[in-house]
Amino acid sequence: LGEVRPREKKMDFKFGKELDVRRLKQNVLKNPKEHLEQVKKRFALFDEPKNLVEVNRCYICGSARFENALRVWNVQYVQCQDCQHVFLKKRLTEAVIHRFYSKDKFYAATYADAETSRYRKDFVARPKVEYAMQFAPEKKGKIRWLDVGSASGETVAVLQEMGCDVVGVDPSETSCEFAQKQYGIQLVPKTLEEYAKEECRKFDVVSFIGVLEHFSDPMRALE
């Protein structure tokens, strides 16, 4: 393993409630060996050259100056020498990424557990929404909110309880089915790009909670 240098720039942090991480990972703790085997199978996607595309510039700052940082299961990570961002030297193609998030039931099952979801709704989603709400514009009527990568629907459920006009999008078929069963929520089973092309709505707030690291090009997603 190589050394990953931390950012030198100081950052402000917001800490919410105390959190029992074990209650978020019950499916992993029940059988960690099996979980690791399943993760390892997903890494096999990187063994097929047709699944990969080489990255020549940093996703964040556009720099072409980066060095090897570390390897995980034979997958090479590099670190930008300008902004210190760490990323894959060869990432999966857009088609493979889309297929993974929309069809992979093992990944979706990480979130699709009723008891874990209820805990995540109250102790993860709610504090984040309450924090973000202080930056929402003051207006008459409902706040229009787009939640990107809604997974099993906890954030959307909280926003609905707070009276927002909320739309949640997530490409995972399994996650959308779970959100419907668990909270009665109808998520939009599409990627952000697909939704943006097909819909023409204005929103007051757009949230990417725990999502940007899953995009192959996070800056493009924000744009």
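Because the structure is a prediction, the values reported are computed rather than measured.

Undergrad: Would you mind going over the nonpolar core with me for this structure?
TA: Across soluble globular proteins, nonpolar side chains have a tendency to be buried as a group. With 18 residues, the main nonpolar core has Met133, Ile143, Trp145, Leu159, Cys164, Ile185 and Leu187 as its most contacted residues. For this core, the secondary-structure elements that each account for two or more residues are helix 5 (114–133), helix 6 (154–161) and helix 7 (173–183). Per-element accounting of this core gives the leading share, four residues, to helix 6. In this structure, methionine 133 is in contact with Ile143, Trp145, Leu159, Met162 and Cys164, ignoring residues within four places of it in sequence. Among the nonpolar cores identified, the runner-up in size contains eleven residues, and Val148, Leu192, Phe208 and Val211 belong to it.

Undergrad: Help me out: how do you make sense of the packing of helix 5 against helix 6 in this one?
TA: Think of two packed helices as two axes; the pair is described by the angle between the axes and how far apart they sit. One can describe the packing of helix 5 onto helix 6 by two numbers: an axis separation of 8 Å at closest approach and a directional angle of 60°. Considering the angle they form, helix 5 stands oblique to helix 6. Read as a crossing pair, helix 5 and helix 6 show a hand that is right-handed. Taken together, the residues of helix 6 that come into contact with helix 5 (itself represented by Ser117, Arg120, Lys121, Ala125, Arg126, Val129 and Met133) are Glu154, Thr155, Ala157, Val158, Leu159 and Glu161. For the contact of helix 5 with helix 6, the class distribution of residues is six nonpolar, two polar and five charged.

Undergrad: For this particular structure, what's the right way to read the sheet that holds strand 2 (residues 66–72)?
TA: Backbone hydrogen bonds are what pair the strands of a sheet, in a parallel or an antiparallel way. With antiparallel pairing, three strands are arranged side by side in an open sheet as 2-3-4. Either end of the sheet is taken by a strand with one partner, and the two such strands are strand 2 and strand 4 (86–88). Between one strand axis and the next, the sheet turns by 35° as a mean value, whatever way the strands run. The sheet contact formed by strand 2 and strand 3 (residues 75–80) spans six bridges and is antiparallel. Among the inter-strand pairings, asparagine 68 is bridged to a residue of strand 3, identified as valine 78.

Undergrad: Mind showing me how you'd approach helix 6 here?
TA: Structurally, the α-helix is built with 3.6 residues per turn, so residues lying three or four positions apart point the same way. Counting buried positions over the eight residues of helix 6 gives six, a clear majority of the element. Every buried residue of helix 6 is listed here: Glu154, Thr155, Val156, Ala157, Val158 and Leu159. Among the residues trailing helix 6, glycine 163 stands out with phi positive, at a value near 85°.

Undergrad: Would you mind showing me how to read the pairing of strand 7 (residues 165–169) here?
TA: Consecutive residues of a regular strand have side chains that alternate between opposite faces of the sheet. Burial of strand 7 is extensive: four of the five residues sit out of reach of the surface. As paired strands, strand 6 (residues 144–148) and strand 7 are joined by five bridges and run parallel to one another. Following the sheet pairing, leucine 146 is matched in strand 7 by valine 167. In this region the chain leaves strand 6, passes through helix 6 and returns to the parallel neighbour strand 7; the handedness of that crossover is right-handed.

Undergrad: Hey, could you run me through unusual backbone geometry in this one?
TA: Note: most residues except glycine have negative phi, and most peptide bonds are trans. The phi dihedral of glutamine 84 is positive, around 75°, even though this residue is not glycine. Examined against the element boundaries, glutamine 84 turns out to sit in the loop between strand 3 and strand 4. Assessed through its relative accessible area of 13%, glutamine 84 is described here as buried. Phi at alanine 151 is positive, roughly 50°, even though this residue is not glycine. Considering the arrangement of structural elements, one finds alanine 151 in the loop between strand 6 and helix 6. Classification of alanine 151 by relative accessible area gives buried; the value is 18%.

Undergrad: Explain the pairing of strand 6 here, please?
TA: The element strand 6 is largely enclosed, with a buried count of four among its five residues. Bridging between strand 6 and strand 8 (residues 205–207) involves three bridges; their strand directions are parallel. Opposite tryptophan 145, over in strand 8, you have valine 205 as the bridge partner.

Undergrad: What is the right way to read the environment of aspartate 165 from this model?
TA: Positionally, aspartate 165 belongs in strand 7. Aspartate 165 gets classed as partly exposed once you look at its relative accessible area, which sits at 29%. Setting aside anything within four residues of it in sequence, one finds aspartate 165 in contact with Lys142, Ile143, Arg144, Trp145 and Arg201. Of the polar contacts made by the side chain of aspartate 165, one reaches the side chain of arginine 201; its length is 3.1 Å.

Analysis parameters
- Residues numbered from 1 in each chain as written.
- Predicted model: local features only at pLDDT ≥ 70, side-chain atom pairs only at ≥ 80, totals over all residues.
- Heavy atoms only, no water.
- Core = buried A, V, L, I, M, F, W, Y, C linked by side-chain atoms within 4.5 Å.
- Buried < 20%, exposed > 50% of the residue type's maximum accessible area, 1.4 Å probe, protein only.
- Helix = DSSP H or I, 4+ residues; strand = E, 2+ residues; numbered from the N terminus.
- Contact = heavy atoms within 4.5 Å.
- Axes fitted to C-alpha atoms, helices over the stretch in contact; angles between N-to-C directions.
- Parallel < 35°, antiparallel > 145°, perpendicular 65-115°, else oblique.
- Left-handed = near helix turned anticlockwise from the far one by under 90°.
- Nonpolar A, V, L, I, M, F, W, Y, C, P; charged D, E, K, R; others polar.
- Pairing = 2+ DSSP bridges.
- Right-handed = clockwise from strand over helix to strand, strands pointing away.
- Polar contact = N/O pair within 3.5 Å; in protein donor to acceptor, adjacent residues only side chain to side chain.

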